[in-house]
Amino acid sequence: MERINKFGLIFLFMTVAGAAATAIADEFSQQDLTRWESEYLSVVKQGRQAFTDPELGSNGVTCAQCHPNAANTHPETYPKFQKQLGRVVPIWEMINWCIRNPLEGKSLEASDPRLVALQAYIYYERRGVKLDPGKH
Amino acid sequence: MSRLITRRDFLKKTGVLATAATLPISIVELAFADPTQNFTFAHISDSHVQHIKGNQFVRNWDRGLIRAVAEVNLLNPKPDFVVYGGDLAQLAKKSELDHGAEMMSALNYKTYYVMGEHDYYLDLGEYWSKLFGPHYYSFDHKGVHFIVLNSILTDDEWTYRRWPTAEQRMLEMAGLDNPNGSPFMVGEKQREWLRQDLEKVNKDTPLVVFSHSPLQKIYKGWNFWTDDAEQVQALLTPFKKVTVIYGHVHQIQYNQIGNISFHGVMATAWPWPYPSSYAHAEHYLPKLTVPMNRADPFFERDATGWQFINLANGNVDMHYTLYDNTSRTIAFNKKNGQPEDSSYQAEDERIPPQVHY
Ligand SMILES: [Fe+2]
Ligand SMILES: [Fe+2]
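Residues numbered from 1 in each chain as written. Chains lettered and ligands numbered in written order. Predicted model: local features only at pLDDT ≥ 70, side-chain atom pairs only at ≥ 80, totals over all residues. Heavy atoms only, no water.

**Observations regarding the overall build of chain B**
Counting its regular elements, chain B contains 10 helices and 16 strands. Across the 357 residues of chain B, 62% fall into the buried class. Contacts spanning at least 24 positions in sequence make up 69% of the contacts within chain B whose residues lie at least 6 apart. Carbon and sulfur atoms provide 52% of the accessible area of chain B, an area that totals close to 13,500 Å². (Helix = DSSP H or I, 4+ residues; strand = E, 2+ residues; numbered from the N terminus. Buried < 20%, exposed > 50% of the residue type's maximum accessible area, 1.4 Å probe, protein only. Contact = heavy atoms within 4.5 Å. Areas by Shrake-Rupley, 256 points an atom, 1.4 Å probe, with all protein chains shown as cover.)

Structure representation (structure tokens):
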């Protein structure tokens, strides 16, 4: 008796859950794709803003001054060994290096939205180039 | 025939090896049959003096210019004059032009200035003119005709009507990769002036033209470009020996188009990537160019450098002396009729840092 009740409850729950969901987990629509892309591109845009923002560092110098269209940032080569840091580093450590030095600013936390946005932009400008981790 | 001056001679004579090896200048010697007519001049470019606030300027860029000026003062033999290749300021502010002029005033030589877009688009060169004189002009020196062009003009709509404020106009043009910028040009008025100026010059007289942008088309997206380059080249074509020396690109570039040799110079402020390293750019980097070494960001003055130039019998031999790299010489090869790198021109002589991607 008790067992049947439990089974019934579970059955009922599953039915309700199934009816509430609008799609099966691994199916997504064109609409989803469009939304995800625009979410990404809006962060790319924020990244471009940070990349040209004289307030990112302390001296008014911007990333774009030395890296037009993010050229020479080579995201496809990371992680890689940087001899001056003496170890293999992810790209955001090099971004922070450039923030601290030419921009005379303060390092950003790895999770800082500006650091994420800078990476989104840098990778976007490099789209289509094949991965080549470790390359110099 | 004059003996060409080598870098070593300069360093020996200056007697300050350490300083001399690390300063961004160009020295030019013009060699003629009559050695009393030989002379040298120096070339400094793209210092981008940048005002922060109050009495603060970006230290990194200041250092580049201060060192160049100190080095030129130490040159022996002394150059007859100095050319400044443009972009003395970052946003054409009075404070920046004044600070730049102040640093340049330490030079012991007559200096000729070329207009850069970073000097111009705030007040259309008005304050710059007060400090440095006309925007374009020519002069003769010991048998060579020199021409200074203002090649960073653009169309009237963009210049006079597009932007609500002068400050915004300057900022839009200052962003190298900013799609709101506009292609550089010499323009009809100045081309007509050039045509008339050249009418008086014998076709055997060597010409040396200074411009800020390349008077050839390399990559429009970053204004490594002059829109009416072909029309300007056409005016120079009747002359036997023509050299164009330009700033703006912050990198080693050289090319030969017909009778005209082209040389880009290093900046004292920072190096720029080659357009070929932007994955989405259609560009025409001259095939002849063996690139400078890729910069090491851990050395602030790397890939800024100085060059001295021998103008041997009317042709330029350009010596790039680079802070943290081996010097480079791009000499005119009479046999091939073009400038060539003395060590790295052949594909199999190039070294890994010269690969840009
Ligand atoms: Fe410049
Ligand atoms: Fe420029």
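Still more to cover.
**So, the overall build of chain A**
When helices and strands are tallied, chain A shows 5 helices and 2 strands. For chain A, the share of sequence-separated contacts (at least 6 apart) that also reach a separation of at least 24 residues comes to 58%. Surface accessibility of chain A: about 8,900 Å² in total, with carbon and sulfur atoms responsible for 61%.

**Some details on the coordination of the iron ion (ligand 1)**
Residues and elements named next belong to chain B. Around the iron ion (ligand 1), the protein contributes the donor atoms Asp-46 (OD), His-48 (NE2), Asp-87 (OD) and His-250 (NE2), at 2.0 to 2.3 Å from the metal centre. Seen from the iron ion (ligand 1), its 4 donor atoms lie at angles of 89 to 173°, and the figure they make is irregular. Here the donor residues for the iron ion (ligand 1) map to a single chain with the spacing D-x1-H-x38-D-x162-H. Separating the iron ion (ligand 1) from the iron ion (ligand 2) is a gap of 3.5 Å, which Asp-87 spans by donating to each of them. On the criterion of sequence distance, the pair formed by His-48 in the loop between strand E2 (39-44) and strand E3 (51-53) and Asp-87 in the loop between strand E5 (81-84) and helix H4 (94-104) is long-range, its members being 39 residues apart. (Donors = N, O, S within 2.8 Å, 3.2 Å for Na, K, Ca; no water. Tetrahedral: all angles 85-135°; square planar, octahedral: opposite > 155°, others 65-115°.)

**Some points on the confidence of the model for chain A**
For chain A, per-residue confidence averages 88 on the pLDDT scale, and residues scoring 70 or more make up 83% of the total. Across residues 1-19 of chain A, confidence stays below pLDDT 50; counting only partners more than four residues off in sequence or on other chains, it has 0 contacts. (pLDDT = per-residue confidence, 0-100.)

**Some remarks on the packing of aromatic side chains**
Geometry of an aromatic ring pair is reported as the spacing of the ring centres plus the angle between the planes. Across all of its chains, the model carries 28 aromatic pairs over all chains by this definition. Between Phe-51 of chain A and Tyr-121 of chain A, the aromatic rings sit 5.0 Å apart at their centres with planes inclined by 55°, giving tilted as the arrangement. Of this pair, Phe-51 of chain A sits in helix H2 (residues 30-51) while Tyr-121 of chain A sits in helix H5 (residues 113-125); the two residues are 70 residues apart in sequence, bridging distant segments of the chain. Looking at Phe-51 of chain A, the relative accessible area reads 2%, which means it is buried. With a centroid separation of 5.6 Å and an interplanar angle of 70°, the aromatic rings of Trp-128 of chain B and Phe-132 of chain B are classed as edge-to-face. Highlighted residues: Trp-128 of chain B and Phe-132 of chain B, both in helix H6 (residues 126-132), separated by 4 residues, approximately one helical turn. Here the aromatic cluster, defined as three or more aromatic residues joined through ring pairs, consists of Phe-41, Phe-81, Tyr-112, Tyr-137, Phe-139, Phe-146 and Phe-210 of chain B. The side chain of Lys-135 of chain A reaches across the aromatic face of Tyr-357 of chain B, ending 3.7 Å from its centre. Here the guanidinium or amino end of Lys-110 of chain B rests over the ring plane of Tyr-112 of chain B, the centre of that ring lying 4.7 Å away. (Phe/Tyr/Trp six-rings, centres within 6.5 Å; stacked < 30°, edge-to-face > 60°. Lys NZ or Arg CZ within 6 Å of the ring centre and 35° of its normal.)

**Describing helix H4 (residues 91-100) of chain A**
All names here are of chain A. Counting buried residues in H4 gives 7 out of 10 residues, a clear majority hidden from the surface. Looking at H4, one finds that the buried residues are Ile-91, Glu-93, Met-94, Ile-95, Asn-96, Trp-97 and Ile-99. Each element contacted by the buried residues of H4 is listed here: strand E1 (80-82), strand E2 (87-89) and H5.

**Here's the deal with the pattern of salt bridges**
The full count for this structure, using the stated rule, is 18 salt bridges over all chains. For Arg-48 of chain A, the salt bridge goes to Asp-177 of chain B, with nearest N and O atoms at 2.8 Å. One end of the pair, Arg-48 of chain A, is in helix H2; the other, Asp-177 of chain B, is in the loop between helix H8 (166-174) and helix H9 (188-199), on a second chain. Residues participating in the shared-partner salt-bridge network are Arg-59, Glu-300 and Arg-301 of chain B. (Salt bridge = Lys/Arg side-chain N within 4 Å of Asp/Glu carboxyl O.)

**Some points on the coordination of the iron ion (ligand 2)**
Every protein donor of the iron ion (ligand 2) is accounted for by Asp-87 of chain B (OD), Glu-117 of chain B (OE), Glu-117 of chain B (OE), His-212 of chain B (NE2) and His-248 of chain B (ND1), and the metal-donor separations fall at 2.2 to 2.6 Å. Mapped onto the sequence, the residues coordinating the iron ion (ligand 2) show the spacing D-x29-E-x94-H-x35-H.

**Details of the nonpolar core**
With 85 residues, the main nonpolar core has Phe-146, Phe-210 and Leu-236 of chain B as its most contacted residues. Of all hydrophobic cores here, the second largest spans 36 residues; its members include Ala-68, Met-173, Ala-174 and Phe-184 of chain B. (Core = buried A, V, L, I, M, F, W, Y, C linked by side-chain atoms within 4.5 Å.)

**Digging into the interface of chain B and chain A**
At the junction of the two partners, chain B supplies 23 residues and chain A supplies 31 residues. The contact between chain B and chain A buries some 2,300 Å² in all, and 54% of this surface belongs to carbon and sulfur atoms. Ranking the residues of chain B by area buried against chain A places Asp-177, Phe-298 and Tyr-357 of chain B at the top, with a combined share of 33%. Our count for the contact surface shared by chain B and chain A stands at 2 salt bridges. Where Asp-296 of chain B meets Lys-83 of chain A, a salt bridge forms, and the shortest distance between an N and an O atom there is 3.8 Å. Viewed at the interface, chain A and chain B are joined by 13 residue pairs in polar contact (both at pLDDT 80 or more). (Buried area = accessible area lost by both parts, 1.4 Å probe. Polar contact = N/O pair within 3.5 Å; in protein donor to acceptor, adjacent residues only side chain to side chain.)

**Describing a nonpolar patch on the surface**
Residues and elements named next belong to chain A. Together, Phe-28, Leu-33 and Trp-36 make up a nonpolar patch on the protein surface, roughly 300 Å² of accessible area in all. As for its position among the elements, Phe-28 is in the loop between helix H1 (2-20) and H2. Residue Phe-28 is classed as partly exposed on the basis of its relative accessible area of 48%. (Patch = residues over 30% accessible without salt bridge, like charges linked within 9 Å, V, L, I, M, F, W, Y side chains within 5 Å.)

**Thoughts on the packing of H9 of chain B against helix H10 (residues 229-236) of chain B**
Residue and element names in this part refer to chain B. Put simply, H9 and H10 touch, their axes get as near as 10 Å, and they point 10° apart. It follows that H9 is roughly parallel to H10 by the angle criterion. In this structure, H9 uses Arg-191, Leu-194, Arg-195 and Leu-198 to contact H10, whose residues at the interface are Gln-231, Val-232, Leu-235 and Leu-236. Here the residues of the contact of H9 with H10 sort into 5 nonpolar, 1 polar and 2 charged. (Axes fitted to C-alpha atoms, helices over the stretch in contact; angles between N-to-C directions. Parallel < 35°, antiparallel > 145°, perpendicular 65-115°, else oblique. Nonpolar A, V, L, I, M, F, W, Y, C, P; charged D, E, K, R; others polar.)

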